[in-house]
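# Coordinate inspection notes
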Amino acid sequence: MTTSTRSDLTPAPDESTAGEPLLQVRDLSVRFRTEDGTLSAVDGVSFDARAGELLAVVGESGCGKSVTAMALSGLLPGSATVTGSVRLDGVELVGAGAATLRQARGGKIAYIFQEPMTSLNPVFTVGRQISEVLRVHEGMSKKQALARAAELLDLVGIPSARERLKQYPHQLSGGMRQRVMIAMSVACNPRVLVADEPTTALDVTVQAGILDVLRDLRDRLGAAVVLITHDLGVVADVADRVMVMYAGRVVERGEVHEFFAHPRHQYSVGLLGAVPAARVHGTRQRLREIPGLVPVLAQQPDACTFADRCPAADDTCRTSRPPLTRAPQSAHEAACWHPATEVNRAVPEAGAGEAEART
Amino acid sequence: MTAERVAATEPVCELVDVVKHFGPVRAVDGVSLRIHPGQVVALVGESGSGKSTVGRCVVRLLEPTSGTVQLQGVDVTHLSRHALRPHRKAVSIVFQDPASSLDPRLDVGAVVGEPLRLQGVGRGDRTKRVGDMLERVGLRRAVAERYPHELSGGQRQRVSIARALVSQPSLLVADEPTSALDLSVQASVLNLLTDLQRDLGFACLFITHDLSAVEYLADDVAVMYLGVLAEYGPRERIFESPKHPYTQALLSAAPLPDPLVQRQRRRVVLSGDIPTPLDPPPGCRFHTRCPVADQRSRTEVPALRHVAGRLVACHQVDDDGNGPDVRLRPDDTPVPSGGPTP
């Protein structure tokens with residue numbers, strides 16, 4: 001992979017000097033009651049989201065990343081049991097009453113979902129849907145709200161905003177709809193913006209524009225953005241910090257450059273190796289495979305849940321749960337008994353017999 | 001598509017000016033492609049570009065409105081279902097979502113063996129060939145007795161691949177075969193396709209929007225936009241020096257999983273979405289979103305012509321391959337943003 005100078009990179013945020021985080025999640029767990037018994041979806045997740053920072057939550061389907069996002073402001077159905085603590089700007093949300101949650105949602109914490117068409121109401125104009133948020137939360141008059149709605153459409157890069165206000169969702173393209181969703185989400189200046197796979201349904205040339213909007217909201221509004229994605233390219237593009245989830249647990253957490261340069265958990269190493277990457281001098285490297293499947297867990301075992309698929313697993317991994325531990329002289333954490341080093345990360349390259357020369 | 005390769009072999013599949021309209025919808029509007037034995041041609045484009053329709057015309061799930069489809073030198077464009085039978089063996093297709101493309105009522109053995117049964121292969125021989133094929137795609141022979149719903153997404157896609165390859169086709173059309181799969185599973189399916197393609201030697205039309213997979217697998221790349229080809233040529237030329245503004249935008253927009261590289265790239269954000277194929281724009285179809293379109297682009301359809309070792313359809317590119325790079329601004333020095341190629 002090509003590397004280039006670090007000259008224009010922003011320095012990593014210093015964890016020790018950062019202020020009280022906007023969103024503080026501690027030991028969050030979610031269990032679902034199902035017909036087949038209970039299911040543990042999220043297990044002991046802790047993280048902070050800070051103002052002006054974009055945290056990417058990465059993982060494959062079933063890792064618990066979306067459930068974590070929904071659990072933050074009590075959006076899960078009644079079959080879910082949520083324990084632990086979510087503090088948003090000093091207010092505890094786990095177990096909070098309906099009034100507290102309603103005040104938090106839309107006001108302090110806002111969501112953007114994957115499919116804008118199902119999140120927008122097809123029978124109301126865009127202007128009405130955005131201004132409704134403003135009238136309910138900010139107590140604006142209809143006229144004020146529409147004027148503000150036009151400003152918001154402008155903010156998210158929708159041309160001729162005044163005209164767009166009169167349109168219905170079906171008259172907009174996918175990228176435009178997602179921008180409308182974002183405009184609605186940021187209408188009340190949320191402190192925390194949770195974006196769950198916001199570009200997955202969009203084409204890449206449109207995705208780039210939406211990512212620009214998220215970056216802009218972080219920088220201009222100082223929002224804490226929590227971006228949930230499975231796309232490591234998107235993470236590399238916009239994230240400040242990365243949190244990797246696997247089978248309901250946080251397995252790795254760190255600053256974005258550190259994560260890509262020195263992934264520590266064996267699962268992260270596997271994920272990064274699975275992306276088809278550069279050909280080196282016309283040679284195609286064999287992609288790294290992770291054998292097996294993400295487990296569906298009724299109970300969280302006292303073990304590493306990745307052990308069954310891990311090339312480095314031993315008896316310790318199968319009998320004892322690895323805690324998140326920091327790397328020496330670094331804020332980079334991984335929950336792995338055998339964190340990757342330069343040596344064992346080189347496995348795909350070492351299997352040079354499998355790499356084939358291409359002409 | 002190098003000159004030597006063209007001269008040396010007869011193509012497995014040749015499309016000449018294929019047009020497919022669905023009523024007023026002009027999904028494909030004149031696409032010509034040539035796929036040689038053992039070659040992987042990637043057909044790239046965004047949703048609505050018509051790439052899947054081209055794939056369905058190749059396997060004759062759809063009958064083209066005009067133009068010709070040749071499989072191994074035989075014109076199959078307008079053959080009836082019955083007349084097509086003998087040629088079906090030569091080409092098969094794998095779809096994006098194995099959950100909906102496998103019959104849930106048939107066990108895996110029946111699913112994979114069906115193409116053989118239709119060719120009149122006897123039961124005993126069929127069981128053996130199905131078992132062999134399942135092993136080839138990394139599944140146990142015993143999986144033949146299981147049903148699709150008992151398998152994971154990755155295993156189901158392996159079953160689809162086994163079914164497609166059991167009749168030893170000379171061409172496999174793979175329509176977004178990894179898009180519905182998780183990243184770690186995608187890797188194993190891409191590795192499997194690479195291995196099978198090398199060992200069995202079939203040619204492949206790989207339809208995808210995933211540019212990193214294209215760079216990994218393809219020999220030739222054809223970029224489609226709104227029913228027509230924008231650029232078509234050898235992978236390394238397309239990735240290293242894309243000439244069409246749309247190709248440039250597409251390559252620049254796909255983020256690379258390396259923050260050091262990614263954050264130095266200039267990304268081209270195209271305004272709007274792909275226009276509707278009900279009423280494609282006149283002139284160059286890309287002109288409504290193209291940053292360098294001029295009056296000629298708006299009125300005159302650009303011909304697909306040989307430039308700098310590939311085919312490109314753009315008025316702004318001259319015969320020596322000089323043209324605008326929409327990834328650069330006037331004060332910029334060139335940046336290596338074509339793709340992850342060093």
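Residues numbered from 1 in each chain as written. Chains lettered and ligands numbered in written order. Predicted model: local features only at pLDDT ≥ 70, side-chain atom pairs only at ≥ 80, totals over all residues.

A few words now on the overall build of chain B. Looking only at helices and strands, chain B has 13 helices and twelve strands in total. Radius of gyration (C-alpha) of chain B: 21 Å, near the 20 Å computed for a compact globule of 342 residues. Its C-alpha atoms put chain B at 70 × 45 × 40 Å along the principal axes. By residue count, 52% of the 342 residues in chain B fall in the buried class. Long-range pairs, those at least 24 residues apart, make up 65% of the contacts in chain B with a sequence separation of at least 6. (Helix = DSSP H or I, 4+ residues; strand = E, 2+ residues; numbered from the N terminus. Rg over C-alpha atoms; globule rule 2.2 N^0.38 Å. Buried ≥ 20, exposed ≤ 12 C-beta atoms within 10 Å, placed from the backbone. Contact = placed C-beta atoms within 7 Å.)

Per the secondary structure count, chain A includes 14 helices and 14 strands. For chain A, long-range pairs separated by at least 24 residues make up 65% of all intrachain contacts whose partners lie at least 6 apart in sequence.

This part takes up the interface of chain B and chain A. Interfaces are often sized by the accessible area lost when the parts come together. Listed per partner, the contact involves 37 residues of chain B and 44 residues of chain A. Broken down by secondary-structure element, the contributors of at least two residues to the side of chain B that touches chain A are helix H8 (183–200), helix H9 (211–217), helix H11 (245–253) and helix H12 (259–262) of chain B. The element contributing the most residues to the side of chain B that touches chain A is H8 of chain B, with seven residues. Its residues placed into classes, the side of chain B that touches chain A shows 19 nonpolar, twelve polar and six charged. (Nonpolar A, V, L, I, M, F, W, Y, C, P; charged D, E, K, R; others polar.)

The contact between helix H11 (residues 266–274) of chain A and H8 of chain B brings their axes to 9 Å, and the two run at 50°. Looking at the two axes, H11 of chain A sits oblique to H8 of chain B. For the crossing formed where H11 of chain A meets H8 of chain B, the hand is left-handed. Contacts between H11 of chain A and H8 of chain B involve Gly 270, Leu 271 and Ala 274 of chain A on the former and, on the latter, Leu 183, Ser 184, Gln 186 and Ala 187 of chain B. Within the contact of H11 of chain A with H8 of chain B, the residues separate by chemical class into four nonpolar, three polar and no charged. (Axes fitted to C-alpha atoms, helices over the stretch in contact; angles between N-to-C directions. Parallel < 35°, antiparallel > 145°, perpendicular 65-115°, else oblique. Left-handed = near helix turned anticlockwise from the far one by under 90°.)

A few words now on the sheet that holds strand S11 (residues 305–307) of chain B. All names here are of chain B. Reading across from one edge, S6-S7-S8-S3-S9-S10-S12-S11 is the order of the eight strands in this open sheet, with mixed pairing throughout. Of all strands in the sheet, those with a lone pairing partner are strand S6 (91–94) and S11, marking the two edges. The sheet shows a mean angle of 20° between the axes of neighbouring strands, taken without regard to direction. For strand S9 (residues 220–225) and strand S10 (residues 228–234), the ladder comprises six bridges, and the chain directions are antiparallel. Bridging across to S10, Met 224 finds its partner in Leu 229. Relative to the sheet, helix H7 (residues 153–165) contacts S6 and strand S7 (171–175), its axis offset from that of S6 by approximately 170°. (Pairing = 2+ DSSP bridges.)

Glancing now at the pairing of S9 of chain B. Along any regular strand, the residues point their side chains to alternate faces of the sheet. Residue and element names in this part refer to chain B. A large share of S9 lies buried, amounting to six of its six residues. In S9, alternate side chains face the same way, and those of Asp 220, Ala 222 and Met 224 on one face and Val 221, Val 223 and Tyr 225 on the other are all buried. Taken together, the four bridges between strand S3 (residues 40–44) and S9 define a ladder with parallel strand orientation. Looking at S9, one finds that Ala 42 is bridged to Val 221. Hairpin geometry of S9 and S10 is characterised by an intervening segment of two residues between the two adjacent antiparallel strands and by a positive phi of about 50° at Leu 226.

Time to look at unusual backbone geometry. For residues other than glycine, phi is negative in most cases, and the peptide bonds are mostly trans. Residue and element names in this part refer to chain A. Phi at Glu 197 takes a positive value of approximately 50°, unusual for a residue other than glycine. The residue Glu 197 is located in the loop between strand S7 (192–196) and helix H8 (204–221) in this model. We classify Glu 197 as partly exposed; it has 19 C-beta atoms within 10 Å. Positive phi, close to 50°, is recorded for Gln 329, a residue that is not glycine. The exposed category is assigned to Gln 329, around which 6 C-beta atoms lie within 10 Å.

Residues and elements named next belong to chain B. Judged by pairing direction, the sheet is antiparallel, and its four strands sit side by side in the order S2-S1-S4-S5 without closing on themselves. Each edge of the open sheet carries a strand with a single partner, namely strand S2 (25–35) and strand S5 (74–75). Two elements, strand S1 (residues 13–22) and strand S4 (residues 66–71), share five bridges in a ladder whose sense is antiparallel. Paired with Val 19 across the two strands is Ser 66, which belongs to S4.

This paragraph deals with the packing of helix H4 (residues 126–138) of chain A against helix H7 (residues 174–185) of chain A. Residue and element names in this part refer to chain A. Two numbers describe how H4 lies on H7: the axes approach to 9 Å, and their chain directions differ by 20°. Between H4 and H7, the crossing angle belongs to the class labelled roughly parallel. As H4 packs across H7, the resulting crossing turns out to be right-handed. In contact with Val 126, Gln 129, Ile 130 and Val 133 of H4, H7 contributes Val 180, Ala 183 and Met 184. The class makeup of the residues in the contact of H4 with H7 is six nonpolar, one polar and no charged.

Before going further, it helps to examine H8 of chain A. Residues and elements named next belong to chain A. Compared with the 26 Å implied by 1.5 Å per residue over 18 residues, the 25 Å span of H8 between its first and last C-alpha is a close match. When H8 is considered as a whole, its buried residues turn out to be Val 204, Thr 205, Val 206, Gln 207, Ala 208, Gly 209, Ile 210, Leu 211, Val 213, Leu 214, Leu 217 and Arg 218. Just beyond H8, the residue with positive phi is Gly 222, at close to 65°. (Expected span 1.5 Å × (residues − 1).)

The next thing to look at is the nonpolar core. Ranked by internal contacts, the top residues of the largest apolar core, which has 200 residues, are Val 192 and Val 226 of chain A together with Val 223 of chain B. Each of two domains, domain 1 (119–188) and domain 2 (270–357) of chain A, supplies a minimum of three residues to this core. Leaving out residues up to four positions away in the same chain, Val 226 of chain A has contacts with Ala 49, Leu 55, Val 57, Ala 69, Val 192 and Val 194 of chain A. (Core = buried A, V, L, I, M, F, W, Y, C linked by C-beta atoms within 7 Å. Domains from an automatic or database assignment.)

Buried residues dominate helix H1 (residues 65–72) of chain A, accounting for seven of its eight residues. Those residues of H1 of chain A that fall on the buried side of the exposure criterion are Lys 65, Ser 66, Val 67, Thr 68, Ala 69, Ala 71 and Leu 72 of chain A.

The subject of this paragraph is the pairing of strand S8 (residues 224–229) of chain A. Residue and element names in this part refer to chain A. When you tally the buried positions in S8, you get six out of six residues, the bulk of the element. Residue alternation in S8 divides its side chains into two sets, Ala 224, Val 226 and Ile 228 and Val 225, Leu 227 and Thr 229, and both sets are buried. The pairing of strand S3 (residues 54–58) with S8 spans five bridges and is parallel. Note that in S8 the partner of Val 58 across the bridge is Thr 229.

What follows deals with the confidence of the model for chain B. Residues and elements named next belong to chain B. Scored by pLDDT, chain B comes out at a mean of 90, with 94% of its residues at no less than 70. The low-confidence segment residues 1–7, where pLDDT is below 50, has seven contacts with residues more than four positions distant or belonging to other chains. Low confidence marks residues 330–342, where pLDDT is under 50. Its contacts with residues over four positions away, or in another chain, come to 28 contacts. The ipTM assigned to the predicted complex is 0.84, against a pTM of 0.85. (pLDDT = per-residue confidence, 0-100.)

Residues and elements named next belong to chain B. By the element assignment, Gly 138 lies in the loop between helix H6 (123–136) and H7. Residue classification places Gly 138 among the partly exposed positions, given that 19 C-beta atoms sit within 10 Å. On a C-alpha basis, the gap between Gly 138 and Asp 107 in space is 17 Å, while along the polypeptide they are 31 residues apart. Apart from residues no more than four positions distant in its own chain, Gly 138 is found in contact with Arg 158 and Leu 192.

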